[in-house]
Amino acid sequence: MVERVQAVRGMNDILPEAVPWWQMVEATAREVLELYGYREIRTPLVEKLELFARSIGESTDIVEKEMYAFADRKGQWLALRPEATASVVRAFIEHNLQADPLARKFYTIGPMFRHERPQKGRYRQFHQIDAEVFGIDDPLLDAELMVMLCDFLERIGLADVALHINSLGCPACRPSFREDLKRFLHHRAPSLCPDCDRRRHVNPLRVFDCKVDRCREALTGAPQLLDHLCEDCARHFEKVQSYLGGLGVPFMVDPRMVRGLDYYMRTTFEVITDRLGAQNAVGGGGRYDGLMRDLGGPDLPGIGFAIGMERLILLLQQGRSLQGPAPEVFMAVLGEKAVSEAFRTAQALRRSGLGVEMAYGGGSLKSQMRRADKLAAAYVVILGEEELQRGVAVVRNMKEKSQKEVPLSGLVEFFSRRDGSSGGAPDRAQEPV
Ligand code: ATP
Ligand code: MG
């Protein structure tokens, strides 16, 4: 027996039957992001390892444990990107985009890689919709970014998610909080997991992000960053909340939320669901005002978010199905002599914008009709040798189960005229049923 090669663990094929969901989510994301003035940027999947180590933070889970890092043939350390922000910031700096007044708001959609334990909603290759804005520190933008995220989720049909927000302070107010927290964690050390016992020295805020139950319990009564915010950060956070409130966007302040990347400051947020078990975050983001400067670029503020597409689609699929495109026309052929004309006819119909599937290999009319039925074709065009001689084809409307003869030369016009339909089968993928 020949041994089969299988996909890499945690890396999924997205099969044609699932693709309509992906296309719907992507198309809606592009539409919404562009309405808010975001422009697409595409960066490589592979970057220098250093880019992620420096931006995300050496003592984060992503950099410590989850990175797909490797040395190339010349011994240069590279990594498959675990997230998009660092790459977009790098590209912005590298191409001097601050000189372009249009280059403020960016988005990118694509695969990310993290070596995590695969489970439902957690994979090693997964996809994100990612938005980033540079050069604007107005809290109005923080609010707009979250409003946009909610707008997008509503449009794809996900209304039952919760927006959690927090402020992580800034380099002026975070150090005193860190010291407070360190003192608190010192007393709780025996209850912490080995990872957190180490984190409390190098990066105590990370303990808030631990998913181990006993660490979560140990944090009861921990000091809160919101009580330590400096005046500027407090005012910024107040404004974000009042702008959100002004639009009637429901949100919850979650003083424990820190997010898994070190570059965040001030506003952070997450979109949470209670329908995916432990994988409860659909997306998240926040401000990272020091990152551009830390990566050697201009000192411009930044803010962004990333949405996990697999989790979104798992949620959307619960109890619903989305029809993929079906051919508008199935071209049935009877007899060898009719094949060439049927092929020509199919091409003419496709050029007019109709989806056409052919009856490859011929067979009986009955078997061809069965196949047309399975494909859910709206019409079958039947061309036999006898019709060919008379220059006509039989057009069968599969839904109404009626049929009529149409001259071959008038087929394109026949389909373009029929009851207001525009052809173009892909439209059907847009509507959840
Ligand atoms: P989690 O806490 O669930 O590990 P995270 O904080 O690591 O998430 P981010 O780095 O903020 O996630 O990425 C944003 C979004 O990307 C997440 O909210 C989630 O929807 C998605 N995501 C992150 N890691 C994975 C993964 N391994 N598989 C699938 N989706 C993921
Ligand atoms: Mg994670």
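Numbers given to residues run from 1 along each chain, matching the order in which its sequence is written. A letter from A marks each chain and a number from 1 marks each ligand, given out in the order of writing. In keeping with the model being predicted, local features are shown solely for residues with a pLDDT of at least 70 and side-chain atom pairs are shown and tallied solely at 80 or more, while totals for entire chains, interfaces and linings include all residues. Side-chain numbers come from the whole structure's heavy atoms, not from hydrogens or water.

Explain the site of ligand 1 to me, please; I cannot follow it from the model alone.
Neighbouring ligand 1 are 15 residues, the closest being Arg114, Glu116, Arg122, Tyr123 and Arg259. Definition of a polar contact: a pair of N or O atoms within 3.5 Å, with one able to donate and the other able to accept a hydrogen when the atoms are protein atoms, and with sequence-neighbouring residues admitted only if both atoms are side-chain atoms. One of the backbone nitrogen or oxygen atoms of Gly283 is found 3.3 Å away from an oxygen atom of ligand 1. Contacts to ligand 1 include Arg311, whose side-chain N or O atom sits 2.9 Å from an oxygen atom. Each accessible area is a Shrake-Rupley result for a 1.4 Å probe, and residues are judged covered by the shown protein chains and nothing else. Relative to its unbound accessible area of 580 Å², ligand 1 is 93% covered by the protein chains. For the shell around ligand 1, the element with the most residues is strand β10 (residues 281–287), which contributes 3 residues. Partitioning the shell around ligand 1 into residue classes produces 5 nonpolar, 4 polar and 6 charged. Whether a residue is near a molecule or strand depends on its heavy atoms: it is near if one of them lies within 4 Å of it. Strands are runs of DSSP state E lasting at least two residues, helices are runs of H or I lasting at least four, and both sets are numbered from the N terminus onward. Side-chain classes follow a simple rule in which Ala, Val, Leu, Ile, Met, Phe, Trp, Tyr, Cys and Pro form the nonpolar group, Asp, Glu, Lys and Arg form the charged group, and the remainder, Gly included, forms the polar group.

Quick question: what am I supposed to make of the environment of Gln125 here?
With respect to the secondary-structure elements, Gln125 resides in strand β6 (residues 125–134). Remark: the alpha-carbon pair of Gln125 and His115, spanning 10 residues in sequence, is separated by 8.4 Å. The criterion used for residue contact is that any of the two residues' heavy atoms lie within 4.5 Å. Among all residues touching Gln125, those that are not within four sequence positions of it are Gly10, Met11, Pro111, Met112, Phe113 and Glu310.

For this particular structure, what's the right way to read the packing of helix α5 (residues 139–155) against helix α9 (residues 231–246)?
The description of two helices packed together rests on the angle between their axes and the distance between the axes. Following both chains from N to C, one finds α5 and α9 inclined at 45°, their axes separated by 8 Å at the closest point. Looking at the two axes, α5 sits oblique to α9. Judged by the twist between their axes, the crossing of α5 over α9 is right-handed. Residues Pro139, Leu140, Asp142, Ala143, Met146 and Val147 of α5 lie in contact with α9, whose contacting residues are His236, Lys239, Val240, Tyr243 and Leu244. For helices, the axis comes from a line fit to the C-alpha atoms of the stretch in contact; other axes are also lines fit to C-alpha atoms, and the angle between any two N-to-C directions lies between 0 and 180 degrees. Throughout this description, any angle smaller than 35 degrees is read as roughly parallel, any larger than 145 degrees as roughly antiparallel, any in the 65 to 115 degree range as roughly perpendicular, and the remainder as oblique. Handedness of each helix crossing follows the sense of rotation of the near helix against the far helix: counterclockwise by less than a right angle gives left-handed, clockwise gives right-handed.

Any chance you could explain unusual backbone geometry here in plain terms?
Leaving glycine out, the prevailing phi sign among residues is negative, and the prevailing peptide bond configuration is trans. One non-glycine residue, Asn96, adopts positive backbone phi at about 55°. Residue position: Asn96 is located in the loop between α4 (85–94) and β5 (105–113). Notably, Lys401 is not glycine yet its phi reads approximately 55°, a positive angle. In this structure, Lys401 sits in the loop between β15 (392–397) and β16 (402–407). Each residue's exposure class comes from its accessible area (1.4 Å probe, protein chains only) as a fraction of the maximum for that residue type: buried when under 20%, exposed when over 50%, partly exposed otherwise. The exposure class of Lys401 is exposed, given its relative accessible area of 61%.

Any chance you could explain the packing of aromatic side chains here in plain terms?
When we look at a pair of aromatic rings, we describe it by the centre distance and by the angle of the planes. Only centres within 6.5 Å qualify two rings of Phe, Tyr or Trp (six-membered ring in Trp) as a pair; their planes then separate them into stacked at under 30 degrees, edge-to-face at over 60, and tilted for everything else. Under the criterion given, the structure shown has 9 aromatic pairs. Aromatic side chains Tyr263 and Tyr264 sit 5.0 Å apart centroid to centroid with 65° between the ring planes, which places their arrangement in the edge-to-face category. Each of the two residues, Tyr263 as well as Tyr264, counts as buried. Geometrically, the ring pair formed by Tyr379 and Phe415 is edge-to-face, given 5.1 Å between the ring centres and 85° between the ring planes. One end of the pair, Tyr379, is in strand β14 (residues 379–384); the other, Phe415, is in helix α15 (residues 411–417), and 36 residues separate them in sequence. The buried category is assigned to Tyr379, whose relative accessible area is 9%. Aromatic rings pair up to connect Phe92, Phe106, Phe134, Tyr263, Tyr264 and Tyr288 into one cluster.

Would you take a moment to explain the sheet that holds strand β4 (residues 77–80) for this structure?
Strand pairing within a sheet occurs via backbone hydrogen bonds; the two strands may be parallel or antiparallel. For two strands to count as paired, DSSP must find a minimum of two bridges between them. Pairing in this open sheet of 3 strands is antiparallel, and the strands run β2-β4-β3 from one edge to the other. Of all strands in the sheet, those with a lone pairing partner are β2 (46–48) and β3 (68–71), marking the two edges. Strand-to-strand twist in this sheet, taken as the mean axis angle between neighbours without regard to direction, amounts to 35°. Pairing between β2 and β4: 3 bridges, direction antiparallel. What sits directly across from Lys48, in β4, is Leu78. Where helix α2 (residues 49–56) meets the sheet, it contacts β2, β3 and β4, and its direction lies at approximately 75° from that of β2.

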